[in-house]
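A look at the structure
Letter by letter, the chains look like this.
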Amino acid sequence: MRDPNLIPPEKQILLSNIADQAASLGMPCYIVGGFVRDLLLDRRVNDLDIIVEGDAIELGTALVKKHGGKVTLHTKFRTAIWHLPLTINLQPSTLDLITARNETYKQAGALPTIKPSTIDDDLRRRDFTISAMAIRLDGGHFGELLDPLNGQGDLKKGIIRALHSRSFIDDPTRIFRAVRYEQRYSFNLHSSSSILINPESLSILKTLSGERIRHEFDLIFEEENSARMMARLHELGIFDVFNLSLPKFNDQYSGFLNSEPPADFGISVNKISLNYLLWFMDSPVEVIKYHSKRLDFTSELTETSLALVRLKKELASLADAKPSKWTISLEKVPLIAVYALWLVSNEPALKEFLLNWRYIKATITGADLKARGIPTGPRYKNILSQLRTAWLDGDVKNEKEEEELLNTLI
Ligand code: ATP
């Protein structure tokens, strides 16, 4: 094994427990995929992807018996999800145990048909050579590397290589995965794979559900180098696959993709949503409406995107407005949209709103008006909003002045 610090101690213990259990069942057991790739790249590993040649359900059941927790079984695919006991403090707190399998695609772009098989077949169903390696865990085999497709060679050369010529036709989401790994590791998509991004595979990509495509963009927006990934997808023609082309990501906004709001803004921002907002901010309303439907955006994301575009258009007309006018406009828009617009425009009023204006209210309340014997009705709203406006615009600076204004209003 490489630098042991790349695998946190709790994960090492978990792997060794699984290895012991698999060995006692006489079941070849492997860790595969991203874990092996990242370990060989000397990067800290994340997901644990466990495969057994045999029966993952038997392994899962035995692990629960020995170490506790619970197991969910999927008998059709012979997979088990081990819900780890509280004594194993890991996130995520579940672990997938998979029976080695072979996958065939009855129809391009459809989900695969699965059959139990060998680890060799299991590695050959994967996306790229660098993710098609396994390390054996059980017994005396612990630490053996299986690399039937020379993933190590491609890792050394910095190459992303699909496993066969139908790879992107079977599953066009692999095109997004290719770009993600290429840009994440600063690798190159091998020419034998880049030619597979062609009219045939793109025509299948076009048929995929909005949810599947959006999921790939979500994964991209979780990455640090998402701007480079978006540029690369654009360069490969992926954005033009749809009836209405996806907008090119505005390079000038790249620096904002990983931005976190300053603590004194008092807002927390979901990075993925922020990135979609930055992406669509300069698009016409029809383009946003089309793609939010096509990519199956949540209604919240769709509405926020549209509100942001409207606000951006309004910006010039608000330029010399008083704080109260700004506040009335900005309060109609989700805070994340105000933040996104502040990032790209640096407009001081947006910052002022986030920091201060949105908290300013009249100190006099409806109850005070009632106590003065003013009959309840729409007039209340009117008076209170005039008081707030006066506070916001600095026409009232203290409670005495507020009181005086109230007296003139009533
Ligand atoms: P990441 O660091 O992006 O999470 P990962 O390799 O762990 O990388 P996962 O999406 O968790 O990626 O997938 C686990 C493994 O499953 C991959 O390493 C790959 O071998 C295989 N895999 C995932 N998606 C596909 C796919 N669409 N086609 C073929 N194999 C896939």
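The coordinates are above.
**Re the sheet that holds strand β5 (residues 94–99)**
Strands pair in a sheet through their backbones, by hydrogen bonds, and they do so in one of two ways: parallel or antiparallel. The strand order across the open sheet formed by 7 strands is β3-β4-β5-β2-β1-β8-β9, and the pairing between neighbours is mixed. Looking at which strands have only one partner, the edges of the open sheet turn out to be β3 (70–74) and β9 (145–146). In terms of strand pairing, strand β2 (residues 50–52) meets β5 through 3 bridges, oriented parallel. Paired with Ile 51 across the bridge in β5 is Ile 98. Packing of helix α1 (residues 9–24) onto the sheet brings it into contact with β1 (29–32), β2, β4 (79–83) and β5, and relative to β1 it is tilted by some 150 degrees.

**Here we look at the site of the ligand**
Close to the ligand lie 16 residues; Arg 37, Arg 126, Asp 171, Arg 174 and Arg 184 are nearest. Separating an oxygen atom of the ligand from a side-chain N or O atom of Asp 47 is a distance of 3.4 Å. The backbone of Asp 127 places a nitrogen or oxygen atom 3.2 Å from a nitrogen atom of the ligand. Across the complex, the protein chains shield 77% of the 590 Å² of accessible surface that the ligand would expose by itself.

**Some words on the packing of α1 against helix α3 (residues 56–67)**
Interaxial distance between α1 and α3 falls to 10 Å at its minimum, and their mutual angle equals 115 degrees. For α1 against α3, the interelement crossing comes out right-handed. Facing Asn 17, Ile 18, Gln 21 and Ala 22 of α1, the residues of α3 in contact are Leu 59, Ala 62, Leu 63, Lys 66 and His 67. Tallied by class, residues from the contact of α1 with α3 come to 5 nonpolar, 3 polar and 1 charged.

**Some thoughts on the environment of Lys 293**
Structurally, the position occupied by Lys 293 is in helix α13 (residues 285–294). The sequence separation of Lys 293 and Gly 210 amounts to 83 residues, and the corresponding C-alpha distance is 7.7 Å.

**Concerning helix α14 (residues 299–318)**
Given a rise of 1.5 Å per residue, 20 residues ought to cover 28 Å, and the 27 Å separating the end C-alpha atoms of α14 matches this to within 8%. If you look at α14, its biggest bend is around 30 degrees, right at Lys 312. Of all the residues in α14, the buried ones are Leu 301, Thr 302, Thr 304, Ser 305, Leu 306, Ala 307, Leu 308, Val 309, Leu 311, Leu 315 and Leu 318. Buried positions along α14 lie against α12 (271–280), α13, α15 (323–330), α16 (335–345) and α17 (348–355).

**Brief notes about unusual backbone geometry**
In this model, Gln 91 is joined to Pro 92 through a cis peptide bond whose omega is -5 degrees. Mapped onto the elements of the fold, Pro 92 is located in the loop between β4 and β5. The phi torsion at Asp 296 lies on the positive side, around 60 degrees, for a residue other than glycine.

**Side note on the nonpolar core**
Here is a general trend for soluble globular proteins: nonpolar side chains tend to be buried in one another's company. Judged by nonpolar contacts, the single largest core of 106 residues is most densely connected at Trp 82, Phe 217, Ile 238 and Trp 279. In this structure, Leu 369, Tyr 380, Leu 387 and Val 396 belong to the second largest nonpolar core, which totals 11 residues.

Parameters at a glance
Residues numbered from 1 in each chain as written. Predicted model: local features only at pLDDT ≥ 70, side-chain atom pairs only at ≥ 80, totals over all residues. Heavy atoms only, no water. Pairing = 2+ DSSP bridges. Helix = DSSP H or I, 4+ residues; strand = E, 2+ residues; numbered from the N terminus. Contact = heavy atoms within 4.5 Å. Axes fitted to C-alpha atoms, helices over the stretch in contact; angles between N-to-C directions. Near = heavy atom within 4 Å. Polar contact = N/O pair within 3.5 Å; in protein donor to acceptor, adjacent residues only side chain to side chain. Areas by Shrake-Rupley, 256 points an atom, 1.4 Å probe, with all protein chains shown as cover. Left-handed = near helix turned anticlockwise from the far one by under 90°. Nonpolar A, V, L, I, M, F, W, Y, C, P; charged D, E, K, R; others polar. Expected span 1.5 Å × (residues − 1). Bend = angle between axes of the 7 residues up to and from the residue. Buried < 20%, exposed > 50% of the residue type's maximum accessible area, 1.4 Å probe, protein only. Core = buried A, V, L, I, M, F, W, Y, C linked by side-chain atoms within 4.5 Å.

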